Amino acid sequence: MFYGTAVWDPWLIVGQIICLQCSFYLSLGVFMVLFLGLRVPRLSLVYFFDYATLTTSTLTGWCVIASFLFTSLAVAVYMIFVVERARKCLDFSATLYIIHLYLCILNGGWPSSMAWWVVNGTGLAVMALLAEYLCIKREQREIPMDRFHSRV
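All residue numbers here refer to positions counted from 1 along the written sequence of the relevant chain. Where totals are concerned, whole chains, interfaces and linings use all residues; where local detail is concerned, this predicted model gives features only for residues with pLDDT of at least 70, and gives and counts side-chain atom pairs only at 80 or more. Think of the side-chain values as coming from all heavy atoms in the structure, minus any hydrogens and water.

Undergrad: Is there a simple way to think about the packing of aromatic side chains in this case?
TA: We describe a pair of aromatic rings using the distance from one ring centre to the other and the angle between the two ring planes. Stacked, tilted and edge-to-face are the three classes assigned to paired rings of Phe, Tyr and Trp, where Trp is represented by its six-membered ring and a pair needs centres within 6.5 Å; plane angles under 30 degrees give stacked, over 60 edge-to-face, the rest tilted. Evaluated as defined, the whole model comprises ten aromatic pairs. Ring geometry for Phe24 against Tyr25: centres 5.0 Å apart, planes inclined by 75 degrees, an arrangement best described as edge-to-face. Assessed through its relative accessible area of 0%, Phe24 is described here as buried. Feature note: the residues Phe24, Tyr25, Phe48, Phe49 and Tyr97 constitute an aromatic cluster, connected by ring pairs. Burial status follows relative accessibility: with a 1.4 Å probe on protein chains alone, a residue under 20% of its type maximum counts as buried, one over 50% as exposed, and anything between as partly exposed.

Structure representation (structure tokens):
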């Protein structure tokens, strides 16, 4: 893909959103298993979508918080390969968290916990900023020239 000419491709954008959303929940599931697997008798989607599980008053709540924050780091790395452009990282990060908010509202109502807003806001910021930084580093790499093409 050439970076100078951006073509409007809504199906590509929808595909990228779906890919990032799936990788977000897959990574969240992996981190939930790692951090909560031995702490709770049964893992369920309640830990994904119920705002009441994001609490700072229990060790289980802190494990859920850690899972969300590590997931934002992982998805920032995935964005290097899915989004590929630094200027699009904030848009895709915000879209991901807006869809997550919508799914949380469908599951448990409007998130009234301050911890939920702080954790998800921090996750959004970390994901967007780290993804932008990593994409900028990738965009600024030198293009390797073949030794046969370097002679003019």
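Undergrad: Before we go on, may I ask you to explain unusual backbone geometry in this structure?
TA: Most peptide bonds take the trans form, and the phi angle of most residues other than glycine is negative. In this structure, Glu84 takes a positive phi of about 70 degrees despite not being glycine. In this description a helix means any DSSP run of H or I spanning at least four residues, a strand means any run of E spanning at least two, and both kinds are numbered starting from the N terminus. Note that Glu84 resides in the loop between α3 (59-82) and α4 (89-108).

Undergrad: Is there a simple way to explain helix α5 (residues 114-139) in this structure?
TA: Residues spaced three or four apart along an α-helix face the same direction, because each turn holds 3.6 residues. In this scheme, a helix's expected span is set at 1.5 Å multiplied by one less than its residue total. Here α5 is 26 residues long and its end C-alpha atoms lie 37 Å apart, about the 38 Å a rise of 1.5 Å per residue gives. Of all the residues in α5, the buried ones are Trp116, Val119, Asn120, Gly123, Met127, Ala128, Ala131 and Cys135. In this structure, the buried side of α5 is in contact with α1 (10-36), α3 and α4. Here a polar contact is taken to be a pair of N or O atoms separated by no more than 3.5 Å, where protein atoms must pair a possible hydrogen donor with a possible acceptor and residues adjacent in sequence count only if both atoms sit in side chains. Between a side-chain oxygen at the N-terminus of α5 and the backbone nitrogen of Ala115 the separation is 3.3 Å; the capping residue is Ser113. Residues are treated as being in contact if the distance between any of their heavy atoms lies within 4.5 Å.

Undergrad: Teacher, can you tell me more about the pattern of salt bridges here?
TA: One side chain can pair with another of opposite charge once the charged atoms of both are near each other. Any carboxyl oxygen of Asp or Glu within 4 Å of a side-chain nitrogen of Lys or Arg constitutes a salt bridge here. Taken as a whole, this structure holds one salt bridge when the rule is applied. Residue Glu139 pairs with Arg85 through a salt bridge whose shortest N-O separation is 3.5 Å. Note that Glu139 is positioned in helix α5 and Arg85 in the loop between α3 and α4, a separation of 54 residues in sequence.

Undergrad: Explanation requested: α3 in the structure shown.
TA: Over its 24 residues, α3 extends 34 Å from the first C-alpha to the last, a length consistent with the 34 Å expected when each residue adds 1.5 Å. Positive phi appears at Glu84, one or two residues downstream of α3, with a value of about 70 degrees.

Undergrad: Would you take a moment to explain the side chain of Ser93 for this structure?
TA: Relative to the assigned elements, Ser93 resides in helix α4. Within the local environment of Ser93, its side chain forms a polar contact with the backbone oxygen of Cys89, the two atoms lying 2.8 Å apart. If we skip the residues at most four places from it in the chain, Ser93 touches Met79, Leu124, Met127 and Ala128.

From the geometry alone we can't say anything about function, so treat these as descriptive.
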